[in-house]
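Take a look at the letters that make up each chain.
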Amino acid sequence: MEGMAYGAGKAGGAFDPITFFQQPHTVLRMVSWLFSLVIFGCIANEGYVNRPDEVVEYCVYNRNQNACNYAVGMGTLAFLSCMAFLALDVYFPQISSVKDRKKAVLADVGVSAFWSFVWFVGFCFLANQWQVAKLEDNPLKEGADAARAAITFAFFSIFTWAGQAFLAFQRYKLGADSALFSQDYTDPSQDAAAAPYSAFTSGDDLESPGGTGSYQQASGDGVFDGSAGYQRQEY
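All of these numbers come straight from a predicted model, not from anything done at the bench. (Residues numbered from 1 in each chain as written. Predicted model: local features only at pLDDT ≥ 70, side-chain atom pairs only at ≥ 80, totals over all residues. Heavy atoms only, no water.)

## Brief notes about helix α3 (residues 65-91)
Put simply, the rule is: Working definition: helices are DSSP H or I runs of at least four residues, strands are E runs of at least two. Numbering for both runs from the N terminus. Here the expected span of a helix is defined as 1.5 Å times the quantity of residues minus one. Per-residue accessibility, obtained with a 1.4 Å probe over protein chains only, is compared with the maximum for each type, and a residue is labelled buried under 20%, exposed over 50%, and partly exposed between these values. Contacts were defined at the residue level, with two residues in contact if any of their heavy atoms lie within 4.5 Å. Side-chain atoms alone can form a polar contact between residues adjacent in sequence; in general such a contact is a pair of N or O atoms within 3.5 Å, and within protein one must be able to donate a hydrogen while the other accepts it.
With 27 residues, α3 extends 39 Å between its outermost C-alpha atoms, agreeing within 8% with the 39 Å of an ideal straight helix rising 1.5 Å per residue. If you check which residues of α3 are buried, you get Ala67, Cys68, Ala71, Met74, Gly75, Ala78, Ser81, Cys82, Phe85, Leu86 and Asp89. Close packing links the buried residues of α3 with α1 (17-22), α2 (24-46), β1 (48-49), β2 (58-59), α4 (98-131) and α5 (144-174). At the N-terminal boundary of α3, the capping side chain belongs to Asn64, with an oxygen 3.0 Å from the backbone nitrogen of Asn66.

## Looking at the packing of α4 against α5
Which entries qualify depends on this criterion: The angle between two axes is taken between their N-to-C directions and runs from 0 to 180 degrees, where each axis is a line fitted to C-alpha atoms and a helix contributes only its stretch in contact. Note on angle classes: values under 35 degrees are labelled roughly parallel, values over 145 roughly antiparallel, values of 65 to 115 roughly perpendicular, and the remainder oblique. Should the near helix be turned anticlockwise from the far one by less than a right angle, the crossing is left-handed, and should it be turned clockwise, the crossing is right-handed.
Put simply, α4 and α5 touch, their axes get as near as 8 Å, and they point 155 degrees apart. When the axis of α4 is compared with that of α5, the two are roughly antiparallel. Read as a crossing pair, α4 and α5 show a hand that is left-handed.

## Comments concerning the state of the cysteines
Here is the idea: a disulfide is a covalent bond, and it sits between the sulfur atoms of two cysteines. How we decide: Counting rule for disulfides: a pair of cysteine sulfur atoms within 2.5 Å.
One pass over the structure, following the stated rule, counts one disulfide. What pairs with Cys59 in a disulfide is Cys68, and their sulfur atoms sit 1.9 Å apart. Torsion about the S-S bond of the Cys59 and Cys68 cystine: about 85 degrees, corresponding to right-handed handedness. Using a relative accessible area of 0% as the deciding quantity, one classes Cys68 as buried.

## Looking at α5
Over its 31 residues, α5 runs 45 Å from end to end, which matches the ideal 45 Å to within 8%, given 1.5 Å per residue. Where α5 ends, the next residue or the one after it, Gly175, has phi of about 65 degrees, a positive value.

## Quick notes on the packing of aromatic side chains
Spelled out, the test is: Put simply, two rings from Phe, Tyr or Trp (the six-membered ring, in Trp's case) pair if the centres are within 6.5 Å, and we call them stacked under 30 degrees between planes, edge-to-face over 60, tilted for the rest. Criterion for a charge above a ring: Arg CZ or Lys NZ at most 6 Å from the ring centre, at most 35 degrees from the ring normal.
Inspection of every chain in the model, using the stated rule, returns 14 aromatic pairs. Where Phe114 meets Trp115, the ring centres are 5.6 Å apart and the plane angle is 70 degrees; that geometry is what we call edge-to-face. Take Trp115: its relative accessible area is 5%, and that puts it in the buried class. Above the face of the Phe92 ring, Arg101 is positioned so that its terminal group lies 5.3 Å from the ring centre. Positioned over the ring face of Phe92 is Arg171, at 5.0 Å from the centre of the ring.

## Considering the layout of surface pockets
The following threshold applies: In this analysis a 1.4 Å probe is tested at points of a 1 Å grid over the protein atoms alone, and where it fits but cannot get out there is a cavity; an open set with protein on both sides within 12 Å along at least five of seven lines is a pocket; lining residues have an atom within 4 Å of a point. Grid points are joined across faces, edges and corners, and a volume is the space filled by probe spheres set on the points. Residues are grouped as follows: Ala, Val, Leu, Ile, Met, Phe, Trp, Tyr, Cys and Pro are nonpolar; Asp, Glu, Lys and Arg are charged; every other residue, Gly included, is polar.
What the second largest pocket holds in volume is close to 210 Å³. What lines the second largest pocket is a set of 15 residues, and nearest its centre among them are Trp130, Ala133, Lys134, Leu135 and Asn138. Broken down by secondary-structure element, the contributors of at least two residues to the lining of the second largest pocket are β2 and α5. Taken together, the residues of the lining of the second largest pocket sort by class into eight nonpolar, two polar and five charged.

## Details of the UniProt feature "transmembrane region" (unreviewed entry) in the protein chain
Basically, it comes down to this: UniProt positions are given in the numbering used here, feature names are shortened, and annotations may be inferred rather than shown by experiment.
Per the UniProt record, "transmembrane region" (unreviewed entry) is annotated on residues 30-50, 70-92, 104-130 and 150-169. Counting secondary structure, residues 150-169 comes out at 100% helix and 0% strand; the distance between its end C-alpha atoms is 28 Å.

## Thoughts on the pattern of salt bridges
Defined as follows: By definition here, a salt bridge exists when the distance from a side-chain nitrogen of Lys or Arg to a carboxyl oxygen of Asp or Glu is within 4 Å.
Counted under the stated rule, the structure contains seven salt bridges. For the salt bridge of Glu54 with Arg63, the shortest nitrogen-to-oxygen distance reads 2.5 Å. Here Glu54 falls in the partly exposed class, since its relative accessible area comes to 23%. Arg171 is the salt-bridge partner of Asp108, the closest N and O atoms lying 3.6 Å from each other. Taken together, the positions of Asp108 in helix α4 and Arg171 in helix α5 put the pair 63 residues apart, joining distant regions of the chain. Taking relative accessible area as the criterion, Asp108 reaches 4% and is therefore assigned buried. Of the residues examined, Arg171 reaches a relative accessible area of 12% and is grouped as buried.

## A look at a nonpolar patch on the surface
Definition in use: What makes a patch is a set of residues exposed beyond 30% relative accessible area and free of salt bridges, joined within 9 Å when like-charged and within 5 Å when nonpolar (Val, Leu, Ile, Met, Phe, Trp, Tyr). Accessible areas in this description were obtained via Shrake-Rupley with a 1.4 Å probe; residue shielding takes into account the shown protein chains only.
A cluster of nonpolar side chains, Leu34, Leu37 and Phe40, forms an exposed patch at the surface whose accessible area comes to about 230 Å². By secondary structure assignment, the location of Leu37 is in helix α2.

## Section: the nonpolar core
Our working rule: As used in this record, nonpolar core signifies buried Ala, Val, Leu, Ile, Met, Phe, Trp, Tyr and Cys residues forming a set joined through side-chain atoms within 4.5 Å.
In this structure, Ile39, Ile43, Tyr61, Trp115, Trp119, Leu126 and Trp161 are the most contacted members of the largest nonpolar core, which totals 22 residues. Among the elements of the structure, α2, α3, α4 and α5 are those that each provide at least two residues to this core. Excluding residues within four positions of it along the chain, Ile39 makes contact with Ala71, Trp119, Ala150, Phe153, Ala154 and Ser157.

So this is what it looks like as structure tokens:
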């Protein structure tokens, strides 16, 4: 992909929403955003039930509050993470520094891989607690659909976040076109500081003709001395 740096062209181009929403990593990010919203919403709204003779509500996953807290907390954080990286995707083509683009892509790889692992743990945790849940704790099976939905979308989230990590890694391997992007940033002040040194070097080069001139002057002096000696002759 000529003229590209980590999956985007040179900075300064106009934002194209159609192209943006057609990008594979953008699609996966929006799907992950939707899945995290579903997980959070299901548990927050229907994830707490109680027995007919009780007033206090407990987590639908075997009355384990940690399971519901995990689903709600991770769902909320994943939702915010998706929003943050969607904003970064919008701003990414405007980043002119290749080093900053590299850092952004590496952050995408790390965060996406982390969330894939988090949802793998969440899926195993929620599925286990739902499997060992006692029927007498929820005889009416309230919130059962919400509990299964959270488990299902936690499972799907493993692959959507893993897909994001894979695509980000592909963008990292793509790198930058060395013909259009400089890998090393040079401070203009350093260039200005180097200018006098370059001028001094040029001056040194000019010393050679000067040196030749000195030699010629020396030769001229020698001729003059010889001429002076000739003038001292007496007839």
